[in-house]
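Architecture at a glance
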Amino acid sequence: MDNKLNQNRREFLTKGAVLAAAASTLSLSVSSSANAAGASVVAAAATAEAAEAPKAITGYIKEPKNLKDVLSNARKIMDTCAACDLAGAGRCNGKGPCGESVPGMGGMRQSFVRNIEAFEGMSLNMRSLHNVTKPKMETELLGVKLAMPVLTGITGGLTYNMGAANKLAFDGEVMTEEKYARGIIEGAANAGCLGWAADGIGDPLETFKRRLEVVKEFKGRAVAQIKPRTQQEIFERIDIVQNAGAPFFAIDIDSAGRAARALPGKTVEPKDLKKLKEIVKYAKIPFMAKGVMTVEEALMCAEAGCGAIVVSNHGGRVLSSTPATMHVLPAIVKAVRDRGYKMPILVDSGVRDGGDVLKALACGAQAVLVGRPMLRASLGGGVKGVEMMFKRFQNELESSMVLTGTADVNNVDPSILIQEV
């Protein structure tokens, strides 16, 4: 599939040159001057193509054997991430060389940092006197069985957000959005979990369709996200998602802030209760609202009939000074459950290891979404890199469960947590 896809900029330049040549030919008489003009345009097209030749990167590890190799590759292809956990587990915390670039890895001011610090502010009660040796890690989400309660984060735009555009990946081929999506989706599927195909605000419909072709290959073992576009645009994309066989889809309602600076063809908007209900009614598969940060909006989603919600501040990338997702998660869970709603509640933003997964489950989440670690795994190792990252999370989660006496991911006792002051 990747061989059939070129970088958008290269396509634009090449096609533009061809059209220019055609226009020149029509406007000139059949003469030597016309031939000269045509030759000049063809030469310009060749020059543009050469100028846009993919950039080779030195020092790639062609067959990464471990996550250190994968992250080393990722660091080389990205301009906005320093892969701070290159030497070990580490923490991608927004305080490193990435600074506060948006879009990018650093997030906006304190929002990104708070997500990380919220997890770090919780300690796990270590318990070793019990009979838990093989904890149950399998769970089910909206009818889909998962090997563990971990999904990839909803991330896209890697070629333009992370500086990977028009560069050769570690495998020697051009890095494309479809290549990234395949790493995420196939890697997650091989791990018994779910990966997302992402929708970008500036992406034309055809780009979205190409990504959904990857989803279609995995027959219910991949999911897709849609930006909070106009209702008609959302419905059009829902049809594509459903035809691809995705078991559910998400809309990252926390992208609505871009409505203030939307351009023609890139319209996004906030959604009210009426519009949420319209989306739920139109869709034939469950709709997950990602970007819920208040009790009131969680209850609104439940009233609208949403299949699930994701407590998320968009990785701390859209609004400065938001609270951490883990700071608002317990109140949201309590409010939703106290009113009798069984809607699954997930959380993302700041999940960096298997211990964080267990902390989120102890606070009432049914599953987590892991963004940046999986993003870098796909860029630096493709399918195998994502598989490695899932394996790391699985091992850490299993060990954390054994060392806290937790027998089942579906029944995590909140008392395993100590909230530090």
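Residues numbered from 1 in each chain as written. Predicted model: local features only at pLDDT ≥ 70, side-chain atom pairs only at ≥ 80, totals over all residues. Heavy atoms only, no water.

**Some details on the overall build of the protein chain**
A count of helical and extended segments in the protein chain gives 13 helices and 12 strands. A total of 421 residues make up the protein chain; the buried ones form 53% of that total. Considering only residue pairs separated by 6 or more positions, the protein chain has 72% of its internal contacts joining residues 24 or more positions apart. Working note: accessible area of the protein chain is about 18,300 Å², and carbon and sulfur atoms make up 55% of it. (Helix = DSSP H or I, 4+ residues; strand = E, 2+ residues; numbered from the N terminus. Buried < 20%, exposed > 50% of the residue type's maximum accessible area, 1.4 Å probe, protein only. Contact = heavy atoms within 4.5 Å. Areas by Shrake-Rupley, 256 points an atom, 1.4 Å probe, with all protein chains shown as cover.)

**Focus: the environment of A164**
Along the polypeptide, A164 turns up in the loop between α5 (158-161) and α6 (177-190). Residues A164 and A74 lie 90 residues apart in sequence; the distance between their C-alpha atoms is 9.4 Å. Beyond its immediate stretch of four places on either side in the chain, A164 contacts I77, L158, T159, M175 and L379.

**A look at the side chain of Q231**
If you trace the backbone, Q231 turns up in helix α8 (residues 231-243). At 3.2 Å, the side chain of Q231 and the backbone oxygen of K275 are in polar contact. In terms of polar contacts, Q231 uses its side chain to reach the side chain of E278, at 2.9 Å. Dropping the residues within four chain positions of it, Q231 is found in contact with E269, K271, K275, E278 and I279. (Polar contact = N/O pair within 3.5 Å; in protein donor to acceptor, adjacent residues only side chain to side chain.)

**Some details on the confidence of the model for the protein chain**
Mean pLDDT for the protein chain: 85, with 80% of residues reaching 70 or above. Contacts from residues 1-50, a stretch scored under 50 in pLDDT, to residues over four places away or in other chains number 37 contacts. (pLDDT = per-residue confidence, 0-100.)

**Looking at the sheet that holds strand β11 (residues 367-370)**
As summarised here, the arrangement of the eight strands in space is β4-β11-β10-β9-β8-β7-β6-β5, forming an open sheet in which the pairing is parallel. In the strand order of this sheet, the two ends are held by β4 (150-152) and β5 (196-197), each with one partner. One ladder, built from four bridges, connects strand β8 (residues 287-292) with strand β9 (residues 308-311); its direction is parallel. Residue pairing in the sheet places V292 in a bridge with V311 of β9. Contacts from α8 reach β6 (223-226) and β7 (249-252) within the one sheet, and its direction differs from that of β6 by about 170°. (Pairing = 2+ DSSP bridges. Axes fitted to C-alpha atoms, helices over the stretch in contact; angles between N-to-C directions.)

**Digging into the nonpolar core**
The tendency in soluble globular proteins is for nonpolar side chains to be buried as a group. Counting residues in each nonpolar core, the largest one holds 94 residues, and the members touching the most others are V241, F249, I309, M326, L329, I332 and L379. Ranked by the residues each element gives to this core, the list is headed by helix α13 (residues 372-402), at 10 residues. Ignoring any residue separated from it by four or fewer positions in sequence, one finds L329 in contact with V311, I345, V347, A360, C363 and A365. Counting residues in each nonpolar core, the second largest holds 17 residues, with I154, W196, V223 and F248 among its members. (Core = buried A, V, L, I, M, F, W, Y, C linked by side-chain atoms within 4.5 Å.)

**Remarks on helix α12 (residues 354-362)**
Counted residue by residue, α12 has nine buried out of nine residues, so it is predominantly covered. Taken residue by residue, α12 has G354, G355, D356, V357, L358, K359, A360, L361 and A362 as its buried positions. You can read the cap of α12 off the contacts: a side-chain oxygen lies 3.0 Å from the backbone nitrogen of G355, and it is on D353. A positive backbone phi angle near 110° is found at G364, which sits one or two residues after α12.

**Structural notes on the pattern of salt bridges**
With the rule as written, the count across this model stands at 20 salt bridges. We note a salt bridge from E178 to R210, for which the minimum N-O separation is 3.7 Å. Here the residue E178 occupies a position in helix α6, and R210 occupies one in helix α7 (residues 205-217), the gap between them amounting to 32 residues. The exposure class assigned to R210 is partly exposed, which follows from its relative accessible area of 26%. The closest approach of N and O atoms between E278 and K274, which form a salt bridge, is 2.6 Å. Remark: K274 and E278 occur in helix α9 (residues 273-282); sequence separation between them is four residues, near one turn of the helix. Given the relative accessible area of 28%, E278 is considered partly exposed. (Salt bridge = Lys/Arg side-chain N within 4 Å of Asp/Glu carboxyl O.)

**A word on unusual backbone geometry**
Residues other than glycine seldom take positive phi values, yet H314 does so here, at roughly 65°. Under the relative-accessibility criterion, H314 is labelled buried at 13%. Positive phi values are uncommon outside glycine, yet S321 reaches one of about 65°. Mapped onto the elements, S321 comes out in the loop between β9 and α11 (325-338).

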